[in-house]
Amino acid sequence: MSTVPDPLPDRRQDGPQDGLRILVTGRDGQVGWELARVLPAVGQVTALSRAELDLASDGSIRAAVQRLRPHLIVNAAAYTAVDRAESEPELAGRINAGAVATLAAEAKSVGAAMIHYSTDYVFDGGKPAPYIETDAPNPLGVYGRSKLAGERALADAGIPYLVLRTSWVYGARGKNFLLTILKLAAEKPELRIVADQTGAPTWSRDIAQATLAVLRRWLAENVPGENAPAPDRFDRQKSGVYHFTASGATTWFGFAAEAVRLRALTLPAEQNLARLAPITTAEYPTPAARPENSQLDCGKLARTFHCRLPAWNASLGDVLAAIAHAS
Ligand SMILES: NC(=O)c1ccc[n+]([C@@H]2O[C@H](COP(=O)([O-])OP(=O)(O)OC[C@H]3O[C@@H](n4cnc5c(N)ncnc54)[C@H](OP(=O)(O)O)[C@@H]3O)[C@@H](O)[C@H]2O)c1
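These numbers come from a predicted model, not from an experiment. (Residues numbered from 1 in each chain as written. Predicted model: local features only at pLDDT ≥ 70, side-chain atom pairs only at ≥ 80, totals over all residues. Heavy atoms only, no water.)

Some thoughts on the site of the ligand
The ligand sits among 24 residues. The nearest are Val 31, Leu 55, Thr 80, Tyr 143 and Lys 147. The separation between a nitrogen atom of the ligand and a polar side-chain atom of Asp 54 is 3.0 Å. In this structure, an oxygen atom belonging to the ligand sits 3.0 Å away from a main-chain N or O atom of Val 169. Surface burial for the ligand is 82%, taken as the share of its 910 Å² of free accessible area covered by protein chains. Grouping the amino acids of the shell around the ligand by side-chain chemistry returns 12 nonpolar, 8 polar and 4 charged. (Near = heavy atom within 4 Å. Polar contact = N/O pair within 3.5 Å; in protein donor to acceptor, adjacent residues only side chain to side chain. Areas by Shrake-Rupley, 256 points an atom, 1.4 Å probe, with all protein chains shown as cover. Nonpolar A, V, L, I, M, F, W, Y, C, P; charged D, E, K, R; others polar.)

Quick word on the pattern of salt bridges
Should their charged atoms come close, side chains of opposite charge can pair. Considering all chains together, one arrives at 12 salt bridges under this definition. Here Glu 187 and Lys 183 are joined by a salt bridge, their closest N and O atoms 3.1 Å apart. Residue Glu 187 and its partner Lys 183 are located together in helix 5 (residues 177-187), separated by 4 residues, close to a single helical turn. A relative accessible area of 52% places Lys 183 in the exposed class. (Salt bridge = Lys/Arg side-chain N within 4 Å of Asp/Glu carboxyl O. Helix = DSSP H or I, 4+ residues; strand = E, 2+ residues; numbered from the N terminus. Buried < 20%, exposed > 50% of the residue type's maximum accessible area, 1.4 Å probe, protein only.)

What about unusual backbone geometry?
Keep in mind that most residues, glycine aside, have a negative phi and that most peptide bonds are trans. One non-glycine residue with positive phi stands out, namely Trp 168, at about 45°. Along the chain, Trp 168 falls in the loop between strand 5 (161-166) and strand 6 (169-170). Phi is positive for His 306, which is not a glycine, with a value near 55°. Counting through the fold element by element, His 306 comes out in the loop between helix 9 (299-305) and helix 10 (312-326). Since its relative accessible area comes to 15%, His 306 is described here as buried.

Some details on the packing of helix 1 (residues 30-38) against helix 6 (residues 204-218)
For the pair helix 1 and helix 6, interaxial distance at closest approach is 8 Å and the crossing angle is 45°. The pairing of helix 1 with helix 6 is recorded here as oblique in orientation. Note on packing geometry: the crossing formed by helix 1 with helix 6 is right-handed. Every residue of helix 6 that contacts helix 1 at Gln 30, Val 31, Glu 34, Leu 35 and Val 38 is listed here: Ser 204, Arg 205, Ile 207, Ala 208, Gln 209, Thr 211 and Leu 212. A class-by-class count of the residues in the contact of helix 1 with helix 6 yields 6 nonpolar, 4 polar and 2 charged. (Axes fitted to C-alpha atoms, helices over the stretch in contact; angles between N-to-C directions. Parallel < 35°, antiparallel > 145°, perpendicular 65-115°, else oblique. Left-handed = near helix turned anticlockwise from the far one by under 90°. Contact = heavy atoms within 4.5 Å.)

Spatial relationships are all this shows, so hold off on functional conclusions.
Take a look at the structure:
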């Protein structure tokens, strides 16, 4: 984790906060899995799977929050099937917006704050520069609309909250573009990859570590005692939306090309990987339209929390080293 220069000493780096109870949803997802391993540095973490907390059921959400009475809910669960969402708009809306409203209402009833993840797909991609938080969203599809509705439900709930908009999430486990490309590159002679959409591939572990860094900064300067309610623990002034992606940008083609190049370095010379061919979005039609430019400017995150996620290609190298080590 790189940080930007910070004039203030950070008095909250030393260990878990007294009695800070954290509920993480989406335990088996890319981000939830990493959060469950990183957040115990600041508190007592209960990470729940879909079977233990089903966002499709208000009763399940209520039961989990009332049982655990967390000070902080980190919502890493989501309906993330961008193309399938086009034919399941009700389900996508229920998980990505309705459940966020219910989680936030339950958070309010127990005095908890919330961290929630959103997406670059809230934008239409027409801006010829990185988006900032005050740019007007205009999602192109059902998934982006459902995530935007979730952001708004949380902002309206009246609790301390952070919406962290990330993009192109990948890692060494789970279902993601990187693992699909590595598998196909070992099986096929050629892969045709879209080269006219630009964004920032972001490692799930970087998201978890940056969330930890942000959380440490978000906790109020004078940490109150164990029984203090969440509104006193978190700095309400910092509530809001933050862009939260890896540094730098590339295209899906650039991402795939770098992944295949790095993978080839770890394989015997006779083991060939696919040749990559750049194509346009028009040559690869999908049910959901995607933004042409989804770069997010993360300056507000750096200014507020003194935190910057690593460069996408540096992290990609780390992930491929881990994959090579494991295979
Ligand atoms: N993936 C991306 O490229 C991307 C890009 C931008 C933003 N984001 C945002 O980043 C956050 C984390 O995404 P991710 O990449 O970690 O997603 P992911 O790997 O698809 O994981 C999503 C998790 O949500 C869980 N889930 C789905 N429906 C649920 C339900 N009804 N009740 C409880 N849990 C449910 C899934 O459970 P199962 O394991 O049981 O399926 C899964 O564990 C999400 O808010 C997402 O919108 C992701």
